[in-house]
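# Notes for the structure review
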Amino acid sequence: SGHAVKLLTPIAQYWNDDWTFVGSTNFNTGPGAVTLGSANVILTVSSNNLEVDGAIGDNGGNFRLTKQGNGSLTLNNSGNGYTGGFELFSGLLNIGGDGSFCGSGVFTIDGGSIDNVSGSDLTINTIAYVWQGSFSYLGTTNNLIFGAGQIAASGGGNFSVNVVTNTLITEGNIVPGNNLLHKTGQGTWDIAGYGSSAQNLNLSVDQGTVMLDKTTGPSINGIAFGLIVQSNALAIITGLSGDQIANNNTVTLNKGGVLDLNGNTETVGPLANN
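Calculation rules
- Residues numbered from 1 in each chain as written.
- Predicted model: local features only at pLDDT ≥ 70, side-chain atom pairs only at ≥ 80, totals over all residues.
- Heavy atoms only, no water.
- Phe/Tyr/Trp six-rings, centres within 6.5 Å; stacked < 30°, edge-to-face > 60°.
- Helix = DSSP H or I, 4+ residues; strand = E, 2+ residues; numbered from the N terminus.
- Buried < 20%, exposed > 50% of the residue type's maximum accessible area, 1.4 Å probe, protein only.
- Pairing = 2+ DSSP bridges.

### Considerations on the packing of aromatic side chains
Taken as a whole, this structure holds eight aromatic pairs when the rule is applied. The interplanar angle of 65 degrees and the centroid separation of 4.9 Å between the aromatic rings of Tyr 129 and Phe 146 together place this pair among those described as edge-to-face. Residue Tyr 129 is found in strand S16 (residues 128-131), and its partner Phe 146 is found in strand S18 (residues 144-146); the two are separated by 17 residues along the sequence. Phe 146 carries the same exposure label as Tyr 129, and that label is buried. Members of the aromatic cluster, each reached through a chain of ring pairs, are Phe 86, Phe 107, Tyr 129, Trp 131, Phe 135, Phe 146 and Trp 189.

### Comments concerning unusual backbone geometry
One non-glycine residue with positive phi stands out, namely Asn 62, at about 55 degrees. Checked against the element boundaries, Asn 62 lands in the loop between strand S8 (56-57) and strand S9 (64-68). With phi around 65 degrees, Asn 232 is a residue other than glycine that occupies positive phi space. The topology assignment puts Asn 232 in the loop between strand S27 (227-229) and strand S28 (234-237). For Asn 232, a relative accessible area of 71% corresponds to the exposed category.

### Structural notes on the pairing of strand S25 (residues 202-205)
The side-chain alternation of S25 yields two buried faces, one formed by Asn 202 and Ser 204 and the other by Leu 203 and Val 205. The sheet contact formed by S25 and S27 spans three bridges and is parallel. Each residue of the ladder has a partner; that of Leu 203, found in S27, is Leu 227.

Quick look at the structure:
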């Protein structure tokens, strides 16, 4: 028809196998419940936007939903109950629910972009997160908060977290091994929550702002690289822990890069000013 289509009547849907939304126009599946029918349903959204307003469940099967393709998938229901987790490989994931959008499973990001389309600041609450490749948070209108679950950011190499605008907040421990994470984009990454010795972040602030904001424990605790602030980027200490950068970590400030202690005292390892 060339026009966006939305189902108004609740129609039960059963996604029993992998399938593709071609996306000749936007399509909203309406309020009907969706039931996953296999261990890992791969949904490919080739173009435009597929919106799912109904709750997605798996009848206790511990099933997983995986999104591929260059198009956009919008999940609006905060009552999703599938427990196998959600994995994003490519395209855009719009998160519209005000609670856990992927049930109690792990939220895995291999690539692509995410955005908060709920209309207000939004917290994702799930048991854990896995970052396995570079991705973007668009921040079109509001902030997005990754809850207290641990973030395993160890995709086998260095990669970037691109915050385009507004703020991406992470509250769990970040465990990237010896990988160097790069913060890109002009938005802000707020490294918040309650840290512990498990926090093992090596970070290069390439663009924009990073807030070192842990209430307890360090924000930066990565022996391999420590904290690097590139030209015209900013890292600012805003947390209450009193030790946002582990004492043995290297801090490297490249020309024009700023580390703002914000009235705090920090003991660090080697300090390099390039």
